[in-house]
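Report on the structure
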Amino acid sequence: PIDRNEWEGYFDESGHLAKSWDFIASIILERGLDPSVRPEAWKFLTGYYPWSSSRDERLAVEGMRRKNYESLAKLCDRIQPLLETEHRDFSRVCSFINSDLQRLYTRDAQGQTRVDKKQMEKILLLNYVCNMEAEYQQGFHEMLLLFHLLAEQEHEIYWLFQFFLQKTEHSCVMNIGVGKNLIMLKALIAFMDPTFAKHLEGKGTQVIQSLFPWFSFSFQRVFKSFYDVWRLWEVFLIGKPCRNFQVIVAYTLLQTVRDQVLRENMAGDDILTLCGNLVDLDADQLISEACSTYDRLLE
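Not measured: the values here are computed from a predicted model.

1. Here we look at the side chain of Glu 62
- Inspection of the secondary structure puts Glu 62 in helix α4 (residues 55-86).
- With a relative accessible area of 15%, Glu 62 lands in the buried category.
- Non-local contacts of Glu 62, meaning those with residues more than four positions away in its chain, are made with Lys 43, Tyr 48, Tyr 49, His 155 and Glu 156.

Put into C-alpha cells, the structure is as follows:
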C-alpha cells in the first residue's frame with residue numbers, strides 16, 4: 001500500500017500535488033492506501049479538499065468546513081422543535097437512529113469505548129435534516145462508524161460521510177441508487193452469463209432484488225475487517241476502473257456461487273442463503289477479481 005513516505009512524496013514544497021489525479025487513482029486501485037495515509041488521502045478522494053489546493057489553501061478549507069458544520073448544527077438545534085411538531089417523519093427517524101445506535105457495538109478488543117454514540121446520533125440526525133432526499137436508512141449508523149474511526153474531528157466525520165454519499169452517487173441509498181444498481185446487475189448477468197441469468201429467472205425470481213443489502217451497506221458486511229471495507233470504498237471513490245464499479249463487484253460475488261447454484265439446481269431462498277454466507281472476504285482479492293470481470297466485459 002501507499003505509505004506515509006510515498007504519499008508525502010506526491011507533493012511539492014508548497015503542498016500542491018505534483019502527481020496527476022489519474023496517476024494517484026491508478027496506484028490506489030492497484031495497491032491501496034496504508035491506514036496511516038487514509039485520514040488525509042480520503043479528504044482528497046471525497047472532494048473535502050480540492051485536488052489542486054496548496055497546503056495553505058487546505059488550512060483555509062479546513063476552517064471553512066468546521067465553521068459551516070457548526071452553523072448547520074446550530075441551525076438544526078434551532079429548528080428541531082419545529083421539525084418535531086410539523087414534520088411527520090422527524091420523530092420516527094430520531095427513534096430509528098437511537099435504536100440503531102443502541103445495537104451498535106463500539107468497543108475495541110480491550111473493551112475501551114472507541115466512539116461517542118451521542119456524537120454519532122448528532123451527525124446522523126444532521127445528515128438527515130440536510131439531505132432529506134436520501135432519507136435515513138438502517139445501515140447508515142454502521143457506515144458512519146467507519147468514518148468515525150477514520151477521522152478525529154466531528155466536522156470531518158460529518159463532511160466525509162456526506163461527500164462519500166455524493167461522490168458514489170448515493171449508490172448505497174435505497175430510494176436513489178440501490179434500485180439502479182439492481183437493474184444494472186440484472187442486465188450485466190444477462191449479458192455476461194445468459195445461462196446463469198436464465199436459471200435465476202426461472203428458479204430465483206426475486207434473488208437479484210433481494211441482494212439490496214450488498215448495495216445499501218456498500219458491501220460492508222462481506223469483509224473480515226474494517227480495513228478491507230476502507231480498501232473497497234476508496235476504489236469506489238476514485239471511480240476506477242469504471243463508474244458503477246459496485247455493480248461489477250456484485251456480479252463478481254455472484255460468480256463465486258454460480259457453479260454451486262447450477263449444479264444443485266438451487267432456488268431463490270437457497271441462493272440467498274448462499275450469498276448471505278459470503279463473509280470474511282479479502283478486499284484486495286475481490287477488487288482484483290472484479291477488475292478481471294471488467295476486462296472481460298470490455299472484451
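2. Description of the packing of aromatic side chains
- According to the stated counting rule, one finds 26 aromatic pairs in the structure shown.
- Aromatic side chains Phe 11 and Phe 44 sit 5.8 Å apart centroid to centroid with 50° between the ring planes, which places their arrangement in the tilted category. Of this pair, Phe 11 sits in the loop between α1 (4-8) and α2 (21-31) while Phe 44 sits in helix α3 (residues 38-46), placing them 33 residues apart in sequence. Considered together, Phe 11 and Phe 44 belong to a single accessibility category, that of buried residues.
- Ring centres 6.1 Å apart and planes at 55° place the aromatic pair Phe 219 and Phe 236 in the tilted group. Here Phe 219 is found in the loop between α11 (212-216) and α12 (226-238), whereas its partner Phe 236 is found in helix α12, with 17 residues between them in sequence.
- For Phe 219, a relative accessible area of 1% puts it in the buried group.
- Of note, Arg 58 hangs over the ring of Tyr 49, and the distance from its end group to the ring centre comes to 6.0 Å.
- The ring of Tyr 48 carries Arg 65 above its face, with NZ or CZ at 5.4 Å from the centroid.

3. Things to note about helix α9 (residues 174-192)
- Given a rise of 1.5 Å per residue, 19 residues ought to cover 27 Å, and the 26 Å separating the end C-alpha atoms of α9 matches this to within 8%.
- Every buried residue belonging to α9 is among Ile 176, Gly 177, Val 178, Asn 181, Leu 182, Leu 185, Leu 188 and Ile 189, and all of these are buried.
- Buried-residue contacts for α9 involve α10 (194-203), α11, α13 (245-263) and α15 (283-298).

4. Observations concerning the pattern of salt bridges
- What the rule picks out here adds up to 19 salt bridges.
- One salt bridge connects Asp 22 with Lys 240, and the closest N-O pair in it is separated by 2.8 Å. Residue Asp 22 is located in helix α2, and its partner Lys 240 is located in the loop between α12 and α13; the two are separated by 218 residues in the primary sequence.
- Look at Asp 22 and you get partly exposed, because its relative accessible area is 40%.
- A relative accessible area of 18% means that Lys 240 is categorised as buried.
- The residue Glu 142 makes a salt bridge to Arg 221 at a minimum N-O spacing of 2.6 Å. Linking Glu 142 in helix α7 (residues 140-150) with Arg 221 in the loop between α11 and α12, this pair joins segments that are 79 residues apart in sequence.
- On the basis of relative accessible area, Glu 142 is assigned to the buried category, the value being 17%.

About the cut-offs
- Residues numbered from 1 in each chain as written.
- Predicted model: local features only at pLDDT ≥ 70, side-chain atom pairs only at ≥ 80, totals over all residues.
- Heavy atoms only, no water.
- Helix = DSSP H or I, 4+ residues; strand = E, 2+ residues; numbered from the N terminus.
- Buried < 20%, exposed > 50% of the residue type's maximum accessible area, 1.4 Å probe, protein only.
- Contact = heavy atoms within 4.5 Å.
- Phe/Tyr/Trp six-rings, centres within 6.5 Å; stacked < 30°, edge-to-face > 60°.
- Lys NZ or Arg CZ within 6 Å of the ring centre and 35° of its normal.
- Expected span 1.5 Å × (residues − 1).
- Salt bridge = Lys/Arg side-chain N within 4 Å of Asp/Glu carboxyl O.

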